[in-house]
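Okay, here's what each chain looks like letter by letter:
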Amino acid sequence: MAGVNKVILVGNLGRDPEIRTLESGVKVATFSLATSESFKDREGNRQDKTEWHNIVLWRGLAEIAERYLAKGNTIYVEGKLQTRSWDDKDGNKRYTTEIVGQNMTMLGGKREEGGGSSYAPSQSSSTTQAPQEASSIGEGMEPDDLPF
């Protein structure tokens, strides 16, 4: 039986995306995403809880993140959980779990308390999916060909 590894998040960017270009020319974007929930405790007081998620976007989605996303933007992300490990400078094994985005929808602009935004949507939202094959990325696409 095959397993399912699917994550769906709606939240706000905690920082501007950090963009790297690998030697192969492939772009990767990383940023933190905050998801919040409110609940009442036993005494009836409202409590807010925020979870922080590390998001990684590759290729075309990274290019869109670089161009349109900024701290405070609200987005919808679908992806999968991935855990990586590495050895730190002291030789200790370190682990991180991140969400590798496969689909992203921008849900409006930056929240009011965050200030101005580099993304000014002409519609209420835009959806972009990661291509299935790396070879199809960027071929024949001009900035005017973006789906929003």
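Residues numbered from 1 in each chain as written. Predicted model: local features only at pLDDT ≥ 70, side-chain atom pairs only at ≥ 80, totals over all residues. Heavy atoms only, no water.

1. Re the environment of Ile-8
For clarity, the cut-off: Runs of E in the DSSP output that reach at least two residues are strands. Runs of H or I that reach at least four are helices, and both are numbered from the N terminus. Any residue under 20% of the maximum accessible area for its type is buried, any over 50% is exposed, and the rest in between are partly exposed; the area is computed with a 1.4 Å probe on protein chains only.
Positionally, Ile-8 belongs in strand β1 (residues 7-13). According to the relative accessible area criterion, Ile-8 is partly exposed, its value standing at 49%. It is 4.6 Å that separates the C-alpha atoms of Ile-8 and Glu-78, two residues lying 70 residues apart in sequence.

2. Section: the nonpolar core
Spelled out, the test is: What is meant by a nonpolar core is a set of buried Ala, Val, Leu, Ile, Met, Phe, Trp, Tyr and Cys residues, joined one to another through side-chain atoms within 4.5 Å. Contact between two residues is taken to exist if any of their heavy atoms lie within 4.5 Å; hydrogens are not considered.
Counting 19 residues, the largest nonpolar core has Phe-31, Ile-55, Leu-57, Leu-69, Ile-75 and Met-104 as its most contacted members. Within the residue set of this core, elements represented by two or more residues are β1, β3 (27-40), β4 (46-58), α1 (59-68), β5 (73-87) and β6 (93-110). It is α1 that contributes the most residues to this core, 5 residues altogether. Among residues more than four places away in sequence, those in contact with Ile-75 are Leu-9, Val-10, Gly-11, Leu-13, Phe-31, Leu-33, Leu-69, Met-104, Thr-105, Met-106 and Leu-107.

3. Re the pairing of strand β2 (residues 18-21)
Note on strand geometry: in a regular strand, side chains alternate between the two faces of the sheet. Short version of the rule: For two strands to be treated as a pair, DSSP must find at least two bridges joining them.
The pairing of β2 with β3 spans 4 bridges and is antiparallel. Within β3, the position partnered with Arg-20 by the bridge is Val-28. Here β2 folds back onto β3, and the loop between the two strands holds 5 residues, one of which, Gly-25, carries a positive phi near 95°.

4. Some words on the pattern of salt bridges
Our working rule: A pairing counts as a salt bridge when a side-chain nitrogen of Lys or Arg comes within 4 Å of a carboxyl oxygen of Asp or Glu.
Going through the model one piece at a time under the given rule, you end up with 7 salt bridges. As a salt-bridge pair, Glu-78 and Lys-6 come within 3.0 Å of each other at their nearest N and O atoms. Here Glu-78, found in strand β5, pairs with Lys-6, found in the segment before β1; they are 72 residues apart in sequence, far enough to count as distant. Classification of Glu-78 by relative accessible area gives buried; the value is 17%. Lys-49 is the salt-bridge partner of Glu-51, the closest N and O atoms lying 3.5 Å from each other. Given the relative accessible area of 36%, Glu-51 is considered partly exposed.

The quantities given are spatial measurements derived from coordinates; they are silent on function.
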